[in-house]
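Single-letter residue listing:
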Amino acid sequence: VLYYEDFDSMKNTKDLEEMGWHNININFGNGKFKKRSKNGNVYMQISAYNSEEDHMEVWLISPKINLDISTDEVLTFKTRSTFETGTILTVWISNDFDENVQNVTWNQLDVVISKGSKSGENTEFISSGKVSLNCLQGDVHIAFKYQGSDPDKTTTYDLDHVLIMSN
């Protein structure tokens with residue numbers, strides 16, 4: 001295991017920063033990923049619902065993860081979606097993140113994102129699948145990018161169990 005985060009040690013959303021994560025709304029709105037918990041499980045949640053933001057772009061960016069000490073790395077994580085209005089969460093990777101989301105070379109990863117019900121009835125987290133990071137080396141950051149708008153694109157996503165391991 002090179003990196004693992006299940007968010008269970010968090011007391012509040014602000015703990016993300018202390019854990020090395022960046023939670024950035026590039027349009028300076030209030031919508032961001034937030035700590036949520038249910039039945040003892042802590043996870044991160046994002047939604048544009050009732051945000052009053054007509055273009056909400058939020059990036060949740062992992063701490064720096066070094067891939068030089070391993071080979072055949074894979075990324076996995078789990079998502080759950082509810083109040084589905086379209087898939088508006090994507091996953092990216094960069095090896096030149098410098099605190100400014102827009103001045104970075106991001107490469108989109110081919111991952112499985114949960115497709116939930118139009119109601120809040122989805123209780124199952126699904127796996128992203130194993131995403132190979134084998135072609136990368138050095139320090140990388142994984143980013144979860146949410147592009148919503150209130151009231152049209154408001155899918156709610158829950159994110160948990162971010163794992164990078166050597167296969």
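Everything discussed here concerns the structure shown above.
Structure report, in brief. By convention here, each chain's residues receive numbers from 1 onward along its written sequence. Since the coordinates come from a predicted model, pLDDT governs what is reported: local features require at least 70, and pairs of side-chain atoms require 80 or more to be given and counted, while whole-chain, interface and lining totals use all residues. The basis for the side-chain values is all heavy atoms of the structure; hydrogens and waters are excluded.

Re the overall build of the protein chain
- The number of helices and strands found in the protein chain is one helix and 13 strands.
- Working definition: helices are DSSP H or I runs of at least four residues, strands are E runs of at least two. Numbering for both runs from the N terminus. What you see in the protein chain, going N to C, is helices and strands ordered as β-α-β-β-β-β-β-β-β-β-β-β-β-β.
- For this measure, only C-alpha atoms enter the radius of gyration; the expected value for a globule follows 2.2 Å times N^0.38, where N is the number of residues. For 167 residues, the compact-globule estimate of 2.2 N^0.38 gives 15 Å, and the C-alpha radius of gyration of the protein chain, at 15 Å, lies within 12% of that figure.
- For the protein chain, the C-alpha atoms occupy an extent of roughly 45 × 35 × 30 Å along the three principal directions.
- Counting across all 167 residues of the protein chain, residues that qualify as buried make up 50%.
- Pairs at least 24 apart in sequence give 79% of the contacts found in the protein chain among residues at least 6 apart.
- Carbon together with sulfur atoms contributes 44% to the accessible area of the protein chain, which is approximately 8600 Å² in total.
- Counted charges follow a simple rule, with Lys and Arg positive, Asp and Glu negative, and His plus the chain ends left uncounted. Every charge is mapped onto a representative atom, which is NZ of Lys, CZ of Arg, CG of Asp or CD of Glu. Of note, the protein chain has its 15 positive side-chain charges centred 5 Å away from the centre of its 25 negative side-chain charges. Working definition: with a 1.4 Å probe on protein chains only, accessible area under 20% of the residue-type maximum means buried, over 50% means exposed, and in between means partly exposed. The contact criterion used throughout is that any non-hydrogen atoms of two residues lie within 4.5 Å. The method behind every accessible area is Shrake-Rupley, applied with a 1.4 Å probe, and residues are considered shielded solely by the protein chains displayed.

As for the side chain of D158
- Mapped onto the elements, D158 comes out in strand β13 (residues 156-166).
- On the accessibility criterion, D158 (4% relative accessible area) is buried.
- Dropping the residues within four chain positions of it, D158 is found in contact with Y43, M44, Q45, K78, T79, R80 and F125.

Describing the environment of S70
- Looking at the secondary structure, you find S70 in the loop between β6 (65-66) and β7 (73-82).
- A relative accessible area of 15% places S70 in the buried class.
- Distance from S70 to V1, taken between C-alpha atoms, is 9.7 Å for residues 69 residues apart in sequence.
- Those residues in contact with S70 that lie beyond four places of it in its chain are L2 and S166.
- For the purposes of these results, a polar contact is taken to be a pair of N or O atoms within 3.5 Å, where, inside protein, one atom must be able to donate a hydrogen and its partner to accept one; residues adjacent in sequence count only when each atom of the pair is a side-chain atom. Engagement of the side chain of S70 in a polar contact is seen with the side chain of E73, the distance being 2.7 Å.

A look at the environment of G31
- With respect to the helices and strands, G31 occurs in the loop between β2 (22-25) and β3 (34-38).
- We classify G31 as buried; its relative accessible area is 8%.
- Between the alpha carbons of G31 and S94 there is a distance of 23 Å; along the sequence they are 63 residues apart.
- Setting aside residues no more than four positions away along its own chain, G31 makes contact with N25, E53, M56 and V58.

Some remarks on the nonpolar core
- In these notes, a set of buried Ala, Val, Leu, Ile, Met, Phe, Trp, Tyr and Cys residues joined through side-chain atoms within 4.5 Å is what counts as a nonpolar core. The biggest cluster of nonpolar side chains holds 34 residues, and the ones touching the most others in it are F33, L75, F77, V91, F144 and Y146.
- Where this core is concerned, the elements lending two or more residues are β4 (41-46), β5 (56-61), β7, β8 (89-94), β12 (139-148) and β13.
- Here F144 is in contact with W21, F33, V58, W59, L60, F77, L89, T90, V91, L159 and V162, once residues within four sequence places are set aside.
- By size, the runner-up hydrophobic cluster in this structure holds nine residues, among which are I26, W59, I61 and W106.

Shape is all these values report; function is a separate question.
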